[in-house]
Amino acid sequence: MPGAIHAEGLVKTFGDVRALDGVDLDVPEGTVLGLLGPNGAGKTTAVRVLTTLLRPDSGTAVVAGVDVLKNPNEVRRSIGLSGQFAAVDEYLTGRENLQMVGQLYQMGARAAKARASELLERFGLAEAADRTAKTYSGGMRRRLDLAAALVVSPPVMFMDEPTTGLDPRNRQALWEVIQELVAGGTTLLLTTQYLEEADHLAHDICVIDRGRVIARGTSDQLKARTGGERVEVVVHEREDIAAAEEVLRVLGKGETAVQEHTRKVVVPVVGGAKLLAEVIRELDTRGVEIDDIGLRRPTLDDVFISLTGHGAGKGEAK
Amino acid sequence: MSTMSDSLVIARRNLIRMTRIPEMVLFGLVQPVMFVVLFTYVFGGSMKIGDSTDPDVYKNFLMAGIFAQTVTFATAGAGAGIAEDMHKGLIDRFRSLPMARGAVLTGRTFADLVQTTLTLVVLAVVALIVGWRPGFAESTNVGKILGGFGLLLLLGYAFTWIGALIGLSVRTPEAATSGGLIWLFPVTFISNAFVDSRQMTPWLRHIAEWNPFSATVQACRELFGDPGLSSSGAWPMQHPVWASLIYSALIIVVFRTLAVRKYRSATA
C-alpha cells in the first residue's frame, strides 16, 4: 500500500540544472522521513513539488491519498507546510497571523480565533500573542510558523529545514514539539542538513545529492554501510605510536590507521566496551601513556562523506 | 472556498499592516499634497489653458490631473507589497493553503483601494483649501462630482493590478517600487493632466489624447465642471466617461488575468 506521501520519478529542471533527477519517495502513514542532503541537493525542490507549489516536469506524486498534479487544492486541505524561512507576517500579531491562516483554511472566524488561542498556548506564545511578530525572537517566529502549519491539524506535514539558524536550546524545544506531533499520528517529511537531526527524528532517511536519491534506509542501516565501530587512541609520546599500533593490530579486526601529527591510531573493532577495556589494560601494561581513547560509532556525517565523497554543506550552491 | 471571503481576509491583513506602518500611509499623502501646492504656486502663473493665463484657471484645470496621477501611484505600493510577500515566503505559505487562487492579489488590490480612497479625500480637502472650485467653468452637482471620484477610484484600482503583475515579476521589493513608478511618469505626463494637450507637437498630442489616463482626467474635468476641456475630435476626448470606464475595465481584465496566471507559478 502506498504511503501517506508517495512519489515516483520526479524530475524538475531549471535551465540546465536538474534539481530533481528521478526521485522516488515513500513515507508510510504515521512515520517520519528525513530528507538529507547538502545545499542545492534538491531537498527544497522536492518539498515544493509535494506541497503543490511547483509542477514537476515529469513523475507522479500522491499525498494523503490525493494526486498532487491532478487535484492540488484537495491536497492543500490535508497538508501543513513549515518553510525554511519563517513565513509569518511580521506586522501582524501572533494571534492575527494564526487567525488569518485558519480562515484561509476555510475555518469560520470564530473557530479560527479559538484555534489560534489554543495553538498560542501550546507553543508557549500566549504572553506574546498580541505583540507583532516583528518583536519575536528567531525561536518564537519559528514556533509561530510551525503553529501556522498546524492550524487544521493536517495529517501530513512538510518541514523544510525547520531548525536552521536556531540555537541549541530552541532546536531541542522544536524537536520535542515534532516528536509530540508524530506520536499523535502525523506523517512527516523533514528536510535537513543536520545529520544529527535526521538521526534523532526520522524513522527512515533518504540521502539526496544533485537531485538523486543516493541512499535510503534507517539510520542504523546507513551507518552499517560505512562500517561499524572503531577504537581511536591518542598517545602522549610520539615514540609510543608503534606500541599502540601493535596493541590495536592484535585486538582489532582490520587495518590500523596512523596519523603521525596527531599521534592518533585507529582500528575497526568488534566487541564494544568490553574490548575497549581490554585495549586500555594492554596499553597500561606496556606503559603507553594515552591522552585520549574512545569507541567511535560512525555518525551520519561519516555516512554522508562516504556516500557523496564530500561532506554535508559542501555541495553546490543553490 | 470563495474568492470574495478569502480576498476579504487578505484585504483585512493588508489594512492591519497599514495601521502598523502609519508612516507609509503618511508618505503616500505627502507626495500628492506637495504636487498640488508646487504645481499651483510654481507653475500656476505661467501656464496657458485655452486662451487664459489666469492662475485660478490653471489651478482648477490642474486638480483633476493631480487626482488621477495620485491614484495611479498606488501601483507602486501594490507592487512593492506583493514583491515583499514573495521575498518573505508568505506567498509560498498562501499558495500551500486551500484558498482561492486570485485572493491574495485581489485582497491586496482591495486594501490599496481603501488607501487610495483615504488619499483622495485628503487631497480633495487640500485642493479646496488652495482654491479648487468644482463648477468653476460649467455647472455641476454632487452626483456628477461623486461620479468623477468613482472613475478615479476605478482607474486607481485598475492600475494596482498592473502593480500586482510587476510585484510578481521582479526579484526584490525595491525593484518593485522603482519599477512600479518610473513608467508612470511618461504615462501621466504625456497626457492632458498638467498641460493643455493642444499645445503639444501633433504626434505627441495623439498619444496624449488616446492615453487611457487622459480619458479619466478629461472625464473628471467634465464631471467636476473644471476649465480646460480638450476639444479634440479623438473619440476618448469626445466621450471621456465611457472611454474611462472601458479603459479601466480593459486594464483590470487583462492585468488580472496575467497576474493571477503569474501567481499560480510564482516562485520566491
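This text goes with the structure placed above it.
Here is what the cut-offs are and how they apply
- Residues numbered from 1 in each chain as written.
- Chains lettered and ligands numbered in written order.
- Predicted model: local features only at pLDDT ≥ 70, side-chain atom pairs only at ≥ 80, totals over all residues.
- Heavy atoms only, no water.
- Helix = DSSP H or I, 4+ residues; strand = E, 2+ residues; numbered from the N terminus.
- Buried < 20%, exposed > 50% of the residue type's maximum accessible area, 1.4 Å probe, protein only.
- Contact = heavy atoms within 4.5 Å.
- Salt bridge = Lys/Arg side-chain N within 4 Å of Asp/Glu carboxyl O.
- Pairing = 2+ DSSP bridges.
- Buried area = accessible area lost by both parts, 1.4 Å probe.
- Polar contact = N/O pair within 3.5 Å; in protein donor to acceptor, adjacent residues only side chain to side chain.
- Expected span 1.5 Å × (residues − 1).

A. Representation of the side chain of B:D112 within the structure. Residue and element names in this part refer to chain B. Considering the arrangement of structural elements, one finds D112 in helix α6 (residues 103-130). The class for D112 is buried, based on a relative accessible area of 3%. Residues within four places of D112 in sequence aside, it is in contact with M18, A78 and T160.

B. Quick peek at the pattern of salt bridges. In the structure shown here, the tally under the stated rule is 31 salt bridges over all chains. The partner of B:R20 in a salt bridge is A:E96, with the nearest N and O atoms 2.8 Å apart. Of this pair, B:R20 sits in helix α1 (residues 3-20) while A:E96 sits in helix α3 (residues 94-104), each in a different chain. For B:R20, a relative accessible area of 32% puts it in the partly exposed group. Taking the relative accessible area as the measure of exposure, A:E96 reaches 18% and is therefore buried. In this structure, the salt-bridge partner of A:R296 is A:D292, at a minimum N-O distance of 3.5 Å. One continuous salt-bridge network, built from bridges that share partners, spans A:D89, A:E90, A:R141, B:R13, B:R17, B:E84, B:D85 and B:K88.

C. Region of interest: the pairing of strand β13 (residues 264-268) of chain A. All names here are of chain A. Relative to β13, strand β11 (residues 230-235) is paired through five bridges, and the arrangement is antiparallel. Counterpart to V231 in the pairing with β13 is V267. The pairing of strand β12 (residues 257-259) with β13 spans three bridges and is classified as antiparallel. Bridging from a neighbouring strand, V258 pairs with V265 of β13. A loop of four residues connects β12 with β13, the two strands running antiparallel in sequence, and R263 in this loop sits at a positive phi of about 55 degrees.

D. Region of interest: the interface of chain A and chain B. In this assembly, 30 residues from chain A lie in contact with 25 residues from chain B. For the pair chain A and chain B, the two sides together bury roughly 2500 Å², of which 57% comes from carbon and sulfur. Applying the counting criterion to the chain A and chain B interface returns six salt bridges. Linking chain A with chain B are 13 residue pairs in polar contact (both at pLDDT 80 or more), by the criterion used here. Sort the elements by how many residues they give to the side of chain A that touches chain B and α3(A) lands first, with five residues.

E. Representation of the environment of A:A224. Secondary-structure assignment places A:A224 in helix α8 (residues 219-225). Here the alpha-carbon distance between A:A224 and A:P298, two residues 74 residues apart in the chain, equals 8.2 Å.

F. The arrangement of helix α5 (residues 138-149) of chain A in detail. A rise of 1.5 Å per residue sets the reference length of α5(A), with its twelve residues, at 16 Å; its end C-alpha atoms lie 17 Å apart and thus fit the reference within 8%. Of all the twelve residues making up α5(A), ten are buried; the element is thus mostly covered by neighbouring parts of the structure. For α5(A), the full list of buried residues reads A:G139, A:M140, A:R142, A:R143, A:L144, A:D145, A:L146, A:A147, A:A148 and A:A149. Here the buried face of α5(A) lies against β6 (79-82), α3, α4 (109-122), β7 (156-160) and α6 (168-183) of chain A together with α5 (90-95) of chain B.

Bear in mind that shape data such as this cannot, by itself, settle questions of function.
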